[in-house]
Amino acid sequence: MTTSAVQTPRGPVTRKDVARYAGVSTAVVSYVVNGGPKNVAPATEAKVRDAIRILGYRPNAAARALKLGSSETVGVIVPDNTNPFFSLLAHAVEEAAAALGFGMVLANSDGSLAKERQNIRNLAARQVDGVFLASCVFDPDLTDLQASEIPSVLLNNAGSPPGFTSVGVDLEAGGRVAVEHLIGHGHTNIGLAIGTNTGNQLDGREVGWLGALRDAGLPDGPMLHSPFSRAGGYEVGKRFLAMANRPTAIFASNDMQAIGILRALHEAGVKVPQEMALVSFDGSIDSEYTWPALTTVAQPVNAMAEAAVQALVGEGRGGDRVHSILPTDLIVRQSCGCP
């Protein structure tokens, strides 16, 4: 049979239509579409791909999921993908999942626990193969995840909740390194800009800040809460500047806050780092392009994503629950006072 003898089908194109057009069996079409399990001769594969292109065939994902018992899709829930850190983290998860043949659905909780729970229910309804939850609090209510019976990994989580695999960084050690670096520059009054949505669990960055000050025999510096956002940093920066005994250095708990603080300092004519030093946390791409460039405690985004994906749909799939705490890395630039 030649392709010229076959009419283009009307309506949705099926695998049978492609097979008929290419003059092969439906099994051969399946091998080409799915990349196996059997090899197809190059000339035959070319005929099948020509038929797919000409007919406009699109594989039925729902039917494939039903047959395989897998949607080959994972869900990722983040507090805010406009935050460069979470954008980078979600992209790293997408790349690591794609390497294993999985697509990704991204959902934002917008810092709302109610929306976070709704996203979990929505992903469960889509029958995704697993969920990566980067919660907007450190101690999320995991009832909906447990009820959904979907394999899950808590992403960007430094805890070890029973029954769940988690991947995060040592926040306390990262905070301590940041503050010790500022102490090394001679600062004795170091403020902390910390987030507002940490839940009932104390933020490890706060613990590290306080521990570094006390170990150095220094008084506790001023601490101000603000959202993990540029606007939050801007407002908290103005509040630091209004203090009678304002700090000479600030540790910001994420890069977005630090960027807002930089604007507040610039508007007030305060020179960075000469009059106010600044160190932040996350290591997002934006931190490299501020002026001065931010000294920041960088999280190993790619390593976090790889560990999470392997645990959920890779080599660790279905295995014991593990809690991976990865180290951070201080990236020294100009905002702290280093040349």
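In this text the structure is predicted, and so the values were computed from the model without any measurement.

(A) Layout of the packing of helix α1 (residues 15-22) against helix α3 (residues 42-55). α3 packs onto α1 with a crossing angle of 120 degrees between their chain directions and a minimal axis gap of 9 Å. The pairing of α1 with α3 is recorded here as oblique in orientation. Every pair of crossing elements has a handedness; the one defined by α1 and α3 is right-handed. Taken together, the residues of α3 that come into contact with α1 (itself represented by D17, V18, Y21 and A22) are K47, V48, A51, I52, I54 and L55. In terms of residue class, the contact of α1 with α3 is made up of eight nonpolar, no polar and two charged.

(B) The arrangement of the nonpolar core in detail. Formed by 46 residues in total, the largest nonpolar core has its most connected members in F132, L155 and F251. Here the element with the most residues in this core is helix α12 (residues 301-313); it accounts for eight residues. When residues no more than four places from it in sequence are discounted, the contact partners of F132 are V74, G75, V76, I77, V93, V153, L155, A308, V309 and L312. By size, the runner-up hydrophobic cluster in this structure holds 16 residues, among which are A193, F240, L241 and V272.

(C) Structural detail: the side chain of N119. Summarising the element assignment, N119 is placed in helix α6 (residues 113-125). A polar contact of 2.9 Å, which involves the side chain of N119, links it to the backbone oxygen of N108. Ignoring any residue separated from it by four or fewer positions in sequence, one finds N119 in contact with I77, A107, N108 and S109.

(D) A look at unusual backbone geometry. Of the consecutive residues V272 and P273, the connecting peptide bond is found in the cis state with omega at 10 degrees. Looking at the element boundaries, P273 is found in the loop between α11 (255-267) and β9 (277-282). If you check the backbone angles, D110 has positive phi at about 55 degrees while not being a glycine. Mapped onto the fold, D110 is located in the loop between β2 (103-108) and α6. Positive phi, normally seen in glycine, also occurs at N156, with a value near 60 degrees. With respect to the helices and strands, the residue N156 is situated in the loop between β4 (152-155) and β5 (165-169). Residue N156 is classed as partly exposed on the basis of its relative accessible area, which comes to 22%.

(E) Just the layout of surface pockets, in detail. The calculated volume of the second largest pocket comes to roughly 320 Å³. Forming the boundary of the second largest pocket are 20 residues, of which P151, S152, T165, L312 and R321 lie nearest the centre. Within the residue set of the lining of the second largest pocket, elements represented by two or more residues are α7 (143-148), β4 and α12. Ranked by the residues each element gives to the lining of the second largest pocket, the list is headed by α12, at four residues.

(F) View of the sheet that holds strand β11 (residues 323-326). Read from one edge of the open sheet, six strands run β2-β1-β3-β4-β5-β11, paired in parallel fashion. Looking at strand neighbours, the two that pair on one side only are β2 and β11, the edges of this open sheet. On average, each strand axis in the sheet is tilted by 15 degrees relative to the strand beside it, whichever way the strands run. Lying on the sheet, helix α5 (residues 84-98) is in contact with β1 (73-78), β2, β3 (130-133) and β4; it crosses β2 at an angle near 160 degrees.

(G) Representation of the packing of aromatic side chains. What the rule picks out here adds up to one aromatic pair. Between F85 and F86, the aromatic rings sit 5.1 Å apart at their centres with planes inclined by 65 degrees, giving edge-to-face as the arrangement. We note that F85, like F86, is buried. Directly above the ring of F281 sits R205, whose terminal nitrogen or CZ lies 5.2 Å from the centroid.

(H) The arrangement of helix α2 (residues 26-34) in detail. Residues V28, V29, S30 and V32 constitute the buried set of α2. Looking at the packing, one finds that the buried side of α2 touches α1 and α3. At the C-terminal side of α2, G35 shows a positive phi close to 70 degrees.

(I) Main features of the sheet that holds strand β10 (residues 295-298). Ordered in space as β7-β6-β8-β9-β10-β12, the six strands form an open sheet in which the pairing is mixed. Here the strands that pair on one side only, and so sit at the sheet edges, are β7 (223-225) and β12 (329-331). For this sheet, the mean angle separating the axes of adjacent strands, direction not counted, is 20 degrees. Two strands pair when backbone bridges link them, and β9 and β10 are joined in this way by four bridges, in the parallel orientation. Bridge pairing in β10 links D282 to A298. Where helix α9 (residues 204-215) meets the sheet, its contacts fall on β6 (190-194), β7, β8 (249-252) and β9, and the angle it forms with β6 comes to roughly 170 degrees.

Analysis parameters
Residues numbered from 1 in each chain as written. Predicted model: local features only at pLDDT ≥ 70, side-chain atom pairs only at ≥ 80, totals over all residues. Heavy atoms only, no water. Axes fitted to C-alpha atoms, helices over the stretch in contact; angles between N-to-C directions. Helix = DSSP H or I, 4+ residues; strand = E, 2+ residues; numbered from the N terminus. Parallel < 35°, antiparallel > 145°, perpendicular 65-115°, else oblique. Left-handed = near helix turned anticlockwise from the far one by under 90°. Contact = heavy atoms within 4.5 Å. Nonpolar A, V, L, I, M, F, W, Y, C, P; charged D, E, K, R; others polar. Core = buried A, V, L, I, M, F, W, Y, C linked by side-chain atoms within 4.5 Å. Buried < 20%, exposed > 50% of the residue type's maximum accessible area, 1.4 Å probe, protein only. Polar contact = N/O pair within 3.5 Å; in protein donor to acceptor, adjacent residues only side chain to side chain. 1 Å grid on protein atoms, 1.4 Å probe; cavity = no way out; pocket = protein on both sides within 12 Å on 5 of 7 lines; lining within 4 Å. Points joined across faces, edges and corners; volume = space filled by probe spheres on them. Pairing = 2+ DSSP bridges. Phe/Tyr/Trp six-rings, centres within 6.5 Å; stacked < 30°, edge-to-face > 60°. Lys NZ or Arg CZ within 6 Å of the ring centre and 35° of its normal.

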